[in-house]
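Structure assessment
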Amino acid sequence: LAWALSAWLLAVFARQLLVAVAALGQVARNNARGDLSHSVVVPGSDALAQAGAQLESMNENFSGLVGTVRNQALYVAQAGAGLTANMQELSQRTEAQAASLEQASASIAALSESVQGTAQRARGVDALTRRVREEAHAGAGAMEAAVAAIGEIATGSRRMGEIVGVIDGIAF
């Protein structure tokens, strides 16, 4: 009877352990595919439950990071569109100024004012370009952090695989 009870307890423990490892493995596979929408729930308070809680925290951090990267990409796209419009406007104004210079020297005062406006817009474009470059560098840093975090996930997944292998070796 004691042997049967021990065997039953071992089977229950192994089943719970395999279910927990399978849940963690599924979340790791989802994360590897870029799907951060699934939450990690490993019942209990053992090391696997703690690993599940840490994996859930990592999912939340990645999700926030993805949102930040998306926002930065949107901002860069908007800034690029604004830069394109400003460059087209600058190009049109420059062509109009060249035509004005050819027409008469009497319009030099008006032309001077237009050139000053163009220079001011060019400074604005320059400032916008610097800001876009800074945002692009920030986005690159966020992507590097995401790549590093995914590397950590991969390492964690390999460790989980090793643990499952050891457990399979012990259980069977």
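All figures in this text were calculated on a predicted structure; none of them were measured in a lab.

This brings us to the overall build of the chain. Counting its regular elements, the chain contains 3 helices and 0 strands. Its helices and strands taken in sequence order, the chain reads α-α-α from the N to the C terminus. Over its C-alpha atoms the chain spans a radius of gyration of 30 Å, topping by over 25% the 16 Å that the globule rule assigns to 172 residues. Dimensions of the chain, computed from the C-alpha atoms along their principal axes, are close to 115 × 20 × 15 Å.

The biggest cluster of nonpolar side chains holds 16 residues, and the ones touching the most others in it are Leu24, Val40, Val42, Leu48 and Leu55. For this core, the secondary-structure elements that each account for two or more residues are helix 1 (2-32), helix 2 (47-103) and helix 3 (108-171). Every residue in contact with valine 40, bar those within four places of it in the chain, is listed here: Leu24, Val27, Gly52, Leu55, Glu56 and Asn59.

Moving on to the confidence of the model for the chain. The predicted model of the chain averages 81 in pLDDT, with 94% of residues at 70 or higher. When mean pLDDT is compared element by element in the chain, helix 3 scores highest at 84, while helix 1 scores lowest at 80.

This part takes up the pattern of salt bridges. With the rule as written, the count across this model stands at 3 salt bridges. Put simply, arginine 93 and glutamate 89 hold a salt bridge, and the shortest N to O gap is 3.3 Å. Here arginine 93 and its partner glutamate 89 are both found in helix 2, 4 residues apart, which amounts to about one turn of the helix. Residue classification places glutamate 89 among the partly exposed residues on the basis of a relative accessible area of 29%. Each member of the salt-bridge network shares a partner with another, and the members are Glu89, Arg93 and Arg121.

This part takes up helix 1. Spanning 31 residues, helix 1 covers 44 Å between terminal C-alpha atoms, matching the ideal 45 Å at 1.5 Å per step. Within the sequence span of helix 1, burial applies to Leu17, Ala20, Val21, Leu24, Gly25, Val27, Ala28, Asn30 and Asn31. Following helix 1 by one or two positions, glycine 34 has its phi on the positive side, about 90°.

Reading the values: the criteria
- Residues numbered from 1 in each chain as written.
- Predicted model: local features only at pLDDT ≥ 70, side-chain atom pairs only at ≥ 80, totals over all residues.
- Heavy atoms only, no water.
- Helix = DSSP H or I, 4+ residues; strand = E, 2+ residues; numbered from the N terminus.
- Rg over C-alpha atoms; globule rule 2.2 N^0.38 Å.
- Core = buried A, V, L, I, M, F, W, Y, C linked by side-chain atoms within 4.5 Å.
- Buried < 20%, exposed > 50% of the residue type's maximum accessible area, 1.4 Å probe, protein only.
- Contact = heavy atoms within 4.5 Å.
- pLDDT = per-residue confidence, 0-100.
- Salt bridge = Lys/Arg side-chain N within 4 Å of Asp/Glu carboxyl O.
- Expected span 1.5 Å × (residues − 1).

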